[in-house]
Amino acid sequence: MLTMAFSVVLPASAAPAPDNAFPKANARTGLPEGWNPGPELYGVGEHKNVEIPMADGVILRADVRYPTDSSGAPAAGPFPIVMTQTAYGKDSAGFLRLLSYDGIGPALQNALPSVIDVAKQLTDAAGYGDYFVRRGYISVIVDIRGTGSSNGNWSILQPQEREDFKRVVQWATALPNSTGEIGLWGLSYLGMSELLTAGVMEPGSPIKALFPLMPGNHMFQDLLDHDGFLNIAFLTSILAFPITALPQIDPILGLYREPGKALSVFVDHLLTHLRDDGTWPSIINALLDGDKLYDSPYWESRAIDNVLEQIAANDIPTYLISGQYDLLQDGTPRTFAGLQNAYAGRPHDGPMPPDASPSGRFQMLTGPWFHIQPGSQRNTDDIDMHAIQLAWFDRWLKNDHNGIDETQTPLHAIDVNGNVIESATYPVRQAPTQRLYLQAGKRLSPDKPTDVTASDRVDFTPINAGTICNASYSRNFSGVFQLLTSMIGIDDPCAQFPANPSVPGLLTNPTYTTDTFTESTLLAGPIGATLFAVSNKPASAFNVTVQDIAPDGTVTALTDGQLAGNYRALDGNRTWRAPDGSVQGPFHPGTRDSLLPVIPGESTEYTIKIRPAFHVFAPGHRLQITIGTGDFPTHILNPKDYPALLGSSYDIHRDDTAASFLTIPLAPAASR
């Protein structure tokens, strides 16, 4: 366990101290001390396309892979079950398996190691579970209704999925040679689906453990709408292939031996695209200012946040994986805090109190990885994510008291330089919040400004210099850039660059920078930017980035946040406030009814949600923020608002009556 003491002011000028305040990550980070994954004891057998009828007659299909002995016969059990429910096609995972773990993968491992490693990461993301089968588990991967080889119509995280999986869970408990106990796991949509499934189960259900990777908390808030900024980079990353092409390819991959069934599934999937709640009609609805552009009962019925109390009440141990460069980087930590709070009997939608006593039954590991490559470190050894999953499932499905749950610091964070931060709470109790005020001379300071009148102007522009090579796009494009560059063994170069540079003669975005840090200084958790600004038009938009400035001037993007001015209303229950009452984690409702007018010439308070970061500033470095407006091509604003936005400018005040500031969890490491 890592314990530290922190002060709450920025360090004064002094000679830089060495950067040795934090331990460094390695491949065993996250594993219980002294524990190692067992050897492969079994072979793998498979039952393909096992049909599971739903209450309305729709057929879901699953692949069941089970342990075998040396003769190829089913091994003596019984064995617990690890199950994944996928919207991307179990047979796509099978195809990827032939390019990675099986088929041509082993033959090419030495010749193209980076390519095969990426193929393995994609295979894992798609739900391939032979690592567990070979160590004594039955692996089940089920195609969700309307996807893969399953019949029916699909809509994103539709409530019908949960009703389906109540039946799937009961079906799985009766699998031959099984203990009937189930652990759910999966990445992204697969992780979201498992949490929503667990959240509708009755107490004492067969689900005994969860391991969701990159699941977020609230799909609308996390993925689609960043407080009035529509996330078109994410939509671009999934629309063409995962959402449109795969549903038509998968029936061919999985049911080519049964053409009648393949055709039936193919037609069901094709018709899905024409439904009102299908993806393409929903996007068109949003772009035309329809109801899908705003939070509503439709989106709330798909929010993980609303099932956390039931998961905690059912006492289902949950190990979450988040990512510093994940597009769900705000939502997954909120889910961790929500589970800890609910398990302790507190309201689930607030921050954990600094003095909270946490439970090792609910944990989170976050690190410097992108959405589809959890555990793949940028500047240090990769994490053995398979082993962490195995340790978690062994603990709860095999009653192996291996120590993974015996921790007083269930939040584990790794920054981009491999520094490991352990915490009992989220927000991190070792980094209490402080205010950093915007000051003259482009400074950030703990001191409140004393000027009677002072402001800086930023002019609206819908672009961010017109580039897709920046951290915002890299993250929201689902990490595809990092995936591609890692095939040739390099880091995504775009992930370093902030989204709002200043371009002489074209873009002028004000920046504010702290004094130089003289000792290792921790930034840990969500950040709130409170801006007092005056617009000259009946609209406004803000994009705030946070970056690390090295002594040689090298800029490393850390995080960012957006807010359209008319989205500035706060949800009092879901907004996180610091002890001094300032907003650290804004939650803007995003409903049509919650929109507020922007009145030209009137000073208005805007609280901008800057997604959390875990980062250790080395001695000699500085923290800087940049305030811009648009973020195209990562985000667009509501098309109907552009006439009012074009030509708008905002005076951001930094004086004694309207002092704009950050509420930021930042503190120097005084001791270990």
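Quick notes on the rules
Residues numbered from 1 in each chain as written. Predicted model: local features only at pLDDT ≥ 70, side-chain atom pairs only at ≥ 80, totals over all residues. Heavy atoms only, no water. Pairing = 2+ DSSP bridges. Helix = DSSP H or I, 4+ residues; strand = E, 2+ residues; numbered from the N terminus. Axes fitted to C-alpha atoms, helices over the stretch in contact; angles between N-to-C directions. Contact = heavy atoms within 4.5 Å. Expected span 1.5 Å × (residues − 1). Buried < 20%, exposed > 50% of the residue type's maximum accessible area, 1.4 Å probe, protein only. Arc of directions from axis to C-beta. Salt bridge = Lys/Arg side-chain N within 4 Å of Asp/Glu carboxyl O. Disulfide = S-S within 2.5 Å.

Peer 1: So what's going on with the sheet that holds strand 7 (residues 207-213)? Which residues, and what values?
Peer 2: Taken in spatial order, the 10 strands line up as 2-3-5-4-6-7-10-11-12-13 in an open sheet, and their pairing is mixed. Since the sheet does not close on itself, it has two edges, and those belong to strand 2 (43-53) and strand 13 (420-423), each with one partner. Strand-to-strand twist of the sheet, defined as the mean angle between neighbouring strand axes without regard to direction, takes the value 20 degrees. The pairing of strand 6 (residues 178-187) with strand 7 spans 6 bridges and is parallel. For I182, the partnering residue across the bridge sits in strand 7 and is I207.

Peer 1: Mind laying out the sheet that holds strand 25 (residues 635-636), listing which residues take part and the relevant values?
Peer 2: Spatially, 3 strands are ordered 8-9-25 in an open sheet, and the strand pairing comes out antiparallel. Either end of the sheet is taken by a strand with one partner, and the two such strands are strand 8 (225-226) and strand 25. As paired strands, strand 8 and strand 9 (residues 229-231) are joined by 2 bridges and run antiparallel to one another. Residue D225 lies in a different strand from strand 9, and its bridge partner there is L230. Contacting strand 9 and strand 25, helix 8 (residues 232-255) crosses the sheet at an angle of about 20 degrees to strand 9.

Peer 1: Before we move on, could you go through helix 5 (residues 160-173) and cite the residues and values that matter?
Peer 2: The end-to-end C-alpha distance of helix 5, which contains 14 residues, comes to 21 Å, matching closely the 20 Å that a straight helix rising 1.5 Å per residue would cover. Taken residue by residue, helix 5 has E161, R162, D164, F165, V168, V169, W171 and A172 as its buried positions. Each buried residue of helix 5 sits inside an arc of 165 degrees when the element is viewed along its axis, so together they form one side.

Peer 1: Tell me about the pattern of salt bridges, and please be specific about residues and values.
Peer 2: This model, assessed by the stated rule, comprises 28 salt bridges. Salt-bridge contacts for D91 lead to K90; the nearest nitrogen and oxygen are separated by 3.2 Å. Comparing D91 with K90, the two get one shared label, buried. Measuring nitrogen to oxygen at the nearest pair gives 2.8 Å for the salt bridge that ties R361 to D315.

Peer 1: Provide a residue-level description of unusual backbone geometry, including the pertinent values.
Peer 2: Cis geometry is adopted by the peptide bond preceding P78, which originates at G77 and carries an omega value of 0 degrees. Here P78 lies in the loop between strand 3 (59-68) and strand 4 (79-86). Residue P427 is bonded to the preceding Y426 through a cis peptide linkage, with omega at 0 degrees. For N49, which is not a glycine, the phi torsion comes out positive at approximately 50 degrees. Even without glycine at this site, N177 takes up a positive phi of about 70 degrees. Looking at the secondary structure, you find N177 in the loop between helix 5 and strand 6. What makes N177 partly exposed here is its relative accessible area of 34%.

Peer 1: Explain the state of the cysteines to me, using residue names and the numbers behind them.
Peer 2: Formally, a disulfide is one covalent bond, and it connects the sulfur atom of one cysteine to the sulfur atom of another. Within this structure, the stated rule accounts for 1 disulfide. With its sulfur 2.1 Å from that of its partner, C469 forms a disulfide with C494. Judged by the sign of its S-S torsion, about -100 degrees, the bond between C469 and C494 is left-handed. Within this pair, whereas C469 is found in the loop between strand 16 (455-459) and helix 15 (471-476), its partner C494 is found in the loop between helix 16 (480-486) and strand 17 (511-513), the two being separated by 25 residues in sequence.

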